[in-house]
Structure formats: structure tokens, C-alpha cells
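Descriptive structure summary
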Amino acid sequence: MKMKKYIVTILALIVALMLGTTASATNSSIPEDVLVVAESGLKMVQSAVSSNPGRWGFSTADEAEALVLGDGYRVNYVGAEQVDNFSGNSITGLIDPNMIETWEFTLDLNKSPRLFLTIAYEDGAYRVVHYGGNAEEFGMAKSRAMETLQNNSRTNIEEETLIKASGIYYFVTTDGSNDLIFPVVSRTENSRSDSMMTISEFVSMLKNNQSSDQNNVRGFAHESNLPNEAKSTSFNLTYIVGGGLLFAGALILVGYITHTTKRNMES
């Protein structure tokens, strides 16, 4: 009887740990194995920031420890070929399907985004490929977008999508008939940062940017060097779950041996 209770307790702890990992993200469409890597990445960032909080824009190490995993989004990259050939009215027609699967999370302090955590699928596993950067404007842009939609009495807005073109993020949502696009750009950098764009305005802007690109960079998925870049770190869900099960099995075996030895001694 005691052995059964011991096994049930171990299994309950494993389930609790798995649920605790997935409950921290607000976007339910994120794959579980991405969330596992994101949680591990959070701990890695907390350790890095705690060692030198001032470098990362924090006052104390306690603020670093208080960071939590914020919203996560699949990054949809706009492709140059898709822009050249675009003739539709949906943002999906601009997305390059051949780009590496990438997820962007924010790390939040007191419900305010502070840092980025980027995860990509490389060599058969999800990895933390970057962390750092200032995510405050990212969060502000999302808030401005939602506020604009509310002020326009748009009540049937669908969940926002994140796209990236020429190194700039854009939030995209739809009211059922039109795609509405909001750039994540500081007010000091772009006077249109508070304005939503239609798909036609967005495509026109991208084509103008492409034709005036002095560096002749083709492909809107081109990335500049990111600040505070972390070493690529691999976390494989299979290994994590397998390791947890092996550990649980070892505990059960030890408990069984101890129980058997004690029973033999008593007899």
C-alpha cells in the first residue's frame, strides 16, 4: 500500500511540473516543447542578468529574479519574392514559408516586457538563439494597437499575429474582413508608429523600401546583428522528459529496495 502511494506521489509531481511549464505562457497555440525551452531560457537569462543587472538595465539582481515568461509569438517572415508577386488582400500571401521556425517571447517584470527571448528550430531541436534587447517598445506597440482597435469600436478582432520585415516587427490582426497592421517602432523613429496600415499601404511601403535599399539586401527576413546575443543552447524535449522518467524510476527503485530490505530485516 505504501509503495502504491509512493508511486502516485511521484507521478503527480511529474504532471505538476509539466503543467506548471505550460501554464506560464498566455498563447495556447505555442507547442509544449517550445515552452519547455522557453522556461529553461528564462532561468538562463535570470542567471546572466543577476550577475550584472546594471548592464541589462535593471536596478538590482532581485528584479532579474522576478522576471517571468511573457507572451510568445511565432515569427512570420515577409519574403522579397512574396512582396514582388503579391496580388491578394491577406497578410498570409507575404509570408515566406521556407524560413526557419522561430518564436519570440518577452520576459516581463511587473507585467511589462523588458527583454526578448528568441527560440528557433535548428538541427532537429528547439534552441535559445538570442536573448536581450529592449522589449518595452514591443509591449507598448501592442498596447497602442489594441487601444486603437477599441477606440474604433472594433469588437470582433482576432488574435494578433507577429510578422517581421527588414528587421522590424509588426502586429497584425483582422476584423474579419481586413488585415490591420501596426509597426513596432518608437515614436521618435517613425511618426506613423501610432497608425495602423492596411495591407495595400504595407505592401507599398515594403516595395519602396526594397527599391531604395542602398545595400541591395534581398529578402525582408534579413537580420542585422542582435545585441546581447547568447550562445545557441539546445534543449530537447525528449531528453528532458526521458530524464525525468528515469529519475522517477530511480526513486521508485530505491524506495522499493529500502522497503524490501526493511521488511526482510523485520522478518
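Data block above holds the structure.
A short tour of the structure in this document, coming up. All values reported here derive from a predicted model rather than from experimental measurement.

Looking at the pairing of strand β3 (residues 112-122)
Counted residue by residue, β3 has eight buried out of eleven residues, so it is predominantly covered. Where strand β2 (residues 102-109) and β3 come together, eight bridges link them in antiparallel fashion. Counterpart to Phe105 in the pairing with β3 is Leu117. Between β2 and β3, which pair antiparallel one after the other, the connecting turn spans two residues, and Asn110 there sits at a positive phi close to 55°. Across seven bridges, β3 lies against strand β4 (residues 125-132) in antiparallel orientation.

Remarks on the side chain of Lys142
With respect to the helices and strands, the residue Lys142 is situated in helix α5 (residues 136-151). Polar side-chain contacts of Lys142 include one of 2.9 Å to the side chain of Tyr73. Among all residues touching Lys142, those that are not within four sequence positions of it are Asp71, Tyr73, Glu160 and Phe171.

Some details on the packing of aromatic side chains
Tallied over the full model, the rule gives nine aromatic pairs. On the numbers, 5.3 Å between centres and 85° between planes, the contact of Phe116 with Phe138 is edge-to-face. Within this pair, whereas Phe116 is found in strand β3, its partner Phe138 is found in helix α5, the two being separated by 22 residues in sequence. For Phe116, a relative accessible area of 12% corresponds to the buried category. By relative accessible area, Phe138 is classed as buried at 4%. Here Tyr170 and Phe202 contribute two aromatic rings whose centre-to-centre distance is 4.8 Å and whose plane-to-plane angle is 70°, an arrangement assigned as edge-to-face. Separated by 32 residues along the polypeptide, Tyr170 in strand β6 (residues 168-174) and Phe202 in helix α6 (residues 199-211) bring together distant segments of the chain. Overall, Tyr170 belongs to the buried group, its relative accessible area being 4%. Of the aromatic side chains, those joined through ring pairs into one cluster are Tyr73, Phe116, Phe138, Tyr169 and Phe171. Sitting over the face of the ring of Phe58, Arg114 holds its NZ or CZ atom 4.4 Å from the ring centroid.

Some details on unusual backbone geometry
The phi torsion of most residues other than glycine is negative, and most of the peptide bonds are trans. One non-glycine residue, Asn110, lies in the positive phi region at around 55°. Topologically, Asn110 is positioned in the loop between β2 and β3. In this structure Asn110 comes out as exposed when scored by relative accessible area, which is 70%. At Asp123, a position not held by glycine, the phi torsion is positive, near 55°.

Thoughts on the nonpolar core
Ranked by size, the top nonpolar core spans 23 residues in total, and within it Phe105, Leu107, Leu115, Leu117 and Ile119 carry the most contacts. Ranked by residues supplied to this core, first place goes to helix α2 (residues 32-51) with seven residues. Among all residues touching Leu115, those that are not within four sequence positions of it are Val45, Val49, Trp56, Phe58, Leu67, Phe105, Thr106, Leu107, Gly132, Gly133 and Ala135. Within the second largest apolar cluster, 16 residues are counted, among which are Ile163, Ala165, Ile181 and Val203.

Side note on the pairing of β6
Counting buried residues along β6, six of its seven residues qualify, which places the element largely inside the surrounding structure. Where strand β5 (residues 161-165) hands over to β6, the hairpin turn is made up of two residues, of which Ser166 adopts a positive phi near 55°. Where β6 lies against strand β7 (residues 179-183), five bridges are found, and the strand directions are antiparallel. Each residue of the ladder has a partner; that of Tyr170, found in β7, is Pro183.

Cut-offs used in this document
- For every chain, the first residue of its written sequence is number 1, and the numbers climb from 1 along that sequence.
- Restriction of local features to residues with pLDDT of at least 70 applies here, the model being predicted, together with a cutoff of 80 or more for giving and counting side-chain atom pairs; totals for whole chains, interfaces and linings are based on all residues.
- Derived side-chain values reflect all non-hydrogen atoms in the structure, with water molecules and hydrogen atoms excluded from consideration.
- Think of it in three bands: with a 1.4 Å probe and only protein chains considered, a residue is buried below 20% of the maximum accessible area for its type, exposed above 50%, and partly exposed in between.
- Strands are runs of DSSP state E lasting at least 2 residues, helices are runs of H or I lasting at least 4, and numbering of each runs from the N terminus.
- Whether two strands pair depends on DSSP finding at least two bridges between them.
- For the purposes of these results, a polar contact is taken to be a pair of N or O atoms within 3.5 Å, where, inside protein, one atom must be able to donate a hydrogen and its partner to accept one; residues adjacent in sequence count only when each atom of the pair is a side-chain atom.
- Pairs of residues are marked as contacts when any of their non-hydrogen atoms sit within 4.5 Å.
- Here a pair means two rings of Phe, Tyr or Trp (six-membered ring of Trp) with centres within 6.5 Å. Their orientation is stacked below 30 degrees between planes, edge-to-face above 60, and tilted elsewhere.
- Charges are assigned to positions over rings by a cutoff of 6 Å between ring centre and Lys NZ or Arg CZ, combined with an angular limit of 35 degrees from the ring normal.
- Nonpolar cores were defined as sets of buried Ala, Val, Leu, Ile, Met, Phe, Trp, Tyr and Cys residues, with membership established by side-chain atoms within 4.5 Å.

None of this, on its own, says anything about what the molecule does.
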